[in-house]
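Each chain is listed here by its residues.
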Amino acid sequence: IALQHFQDLRIGQVYRSLLFDPYKLSITLFLSEFLIYATRDETDNRQLYDFIEASLLWLDNADSGFANFHLVFMLRISLFIGFYPNLDDYREGCWFDLREGCFTPLRPVHNDCLRPDEAARMRVIMRMSLDNMRLFRMSRSERNRCAEIILYYYRLHQSDFPELRSLDVLKELF
């Protein structure tokens, strides 16, 4: 096995607050663990890289209103790796089929689904962006439940996606 040598390395971005703000640091540590597993099978995906870089810059520059950042980030990553949920079929009172990634008027025959009240909440999160997420208020328990659902969604769609250890720290803060 030959080791490769890097001749020209340089820091691409110096962050001003990610490492010094305990809330932002906990988010980035959680997302680091998340990305290890979520992007494990990805190869050269410039759009994914650009999204991650732009998102981290956004978080670095945000002074407030970033409590939902990890939720938006995790859902948007699924767009780049191929299993972003389909929002087109949503109607009030629909269930969300986590296996199929779509809304359905009837309860699926399996248990990997969300009741209509949780499906409606997840639809709201799926419509959030970095620019508007500060407008959506959620309690800590709602935010934690959404994080659990999103991670469960990943476990259904990616083989060997584990329980993330850093989630417990994030739950305490957000």
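J.: Help me out: how do you make sense of the environment of Leu25 in this one?
T.: With respect to the helices, strands and loops of the structure, Leu25 is situated in helix H1 (residues 22-38). Judged by its relative accessible area of 28%, Leu25 is partly exposed. It is 9.8 Å that separates the C-alpha atoms of Leu25 and Asp60, two residues lying 35 residues apart in sequence. The contact partners of Leu25, leaving out residues within four places of it in the chain, are Leu18 and Leu19.

J.: Where do I start with the packing of aromatic side chains in this structure?
T.: Within a pair of aromatic rings, the relevant descriptors are the distance that separates the centres and the angle that separates the planes. All chains considered together, the criterion is met by 13 aromatic pairs. Pairing Phe34 with Tyr154 gives two aromatic rings, centres 4.9 Å apart and planes at 80°, and the pair type is edge-to-face. Of this pair, Phe34 sits in helix H1 while Tyr154 sits in helix H5 (residues 140-157), and the two are 120 residues apart along the sequence. Their ring planes at 70° and their centres at 6.1 Å tell us that Tyr37 and Phe161 sit as a pair that is edge-to-face. Taken as a pair, Tyr37 in helix H1 and Phe161 in the loop between H5 and helix H6 (167-173) lie far apart in primary sequence, 124 residues in all. A relative accessible area of 5% means that Phe161 is categorised as buried.

J.: Looking at this structure, how should I read a nonpolar patch on the surface?
T.: A surface patch of nonpolar side chains, amounting to about 260 Å² of accessible area, comprises Tyr23, Val169 and Leu173. With respect to the helices and strands, the residue Leu173 is situated in helix H6.

J.: Would you take a moment to explain the nonpolar core for this structure?
T.: Here is a general trend for soluble globular proteins: nonpolar side chains tend to be buried in one another's company. In terms of nonpolar packing, the biggest core is built from 48 residues, with Phe34, Phe69, Phe73, Met74, Ile77, Met122 and Tyr154 touching the most fellow members. Secondary structure elements with two or more residues in this core: H1, helix H2 (46-61), helix H3 (69-81), helix H4 (116-127), H5 and H6. Take this core: its biggest share by element is eight residues, from H3. In this view, Met74 contacts Phe30, Leu31, Phe34, Ala147, Ile150, Leu151 and Tyr154; residues no more than four positions away in its chain are not counted.

Cut-off values and rules
Residues numbered from 1 in each chain as written. Predicted model: local features only at pLDDT ≥ 70, side-chain atom pairs only at ≥ 80, totals over all residues. Heavy atoms only, no water. Helix = DSSP H or I, 4+ residues; strand = E, 2+ residues; numbered from the N terminus. Buried < 20%, exposed > 50% of the residue type's maximum accessible area, 1.4 Å probe, protein only. Contact = heavy atoms within 4.5 Å. Phe/Tyr/Trp six-rings, centres within 6.5 Å; stacked < 30°, edge-to-face > 60°. Patch = residues over 30% accessible without salt bridge, like charges linked within 9 Å, V, L, I, M, F, W, Y side chains within 5 Å. Areas by Shrake-Rupley, 256 points an atom, 1.4 Å probe, with all protein chains shown as cover. Salt bridge = Lys/Arg side-chain N within 4 Å of Asp/Glu carboxyl O. Core = buried A, V, L, I, M, F, W, Y, C linked by side-chain atoms within 4.5 Å.

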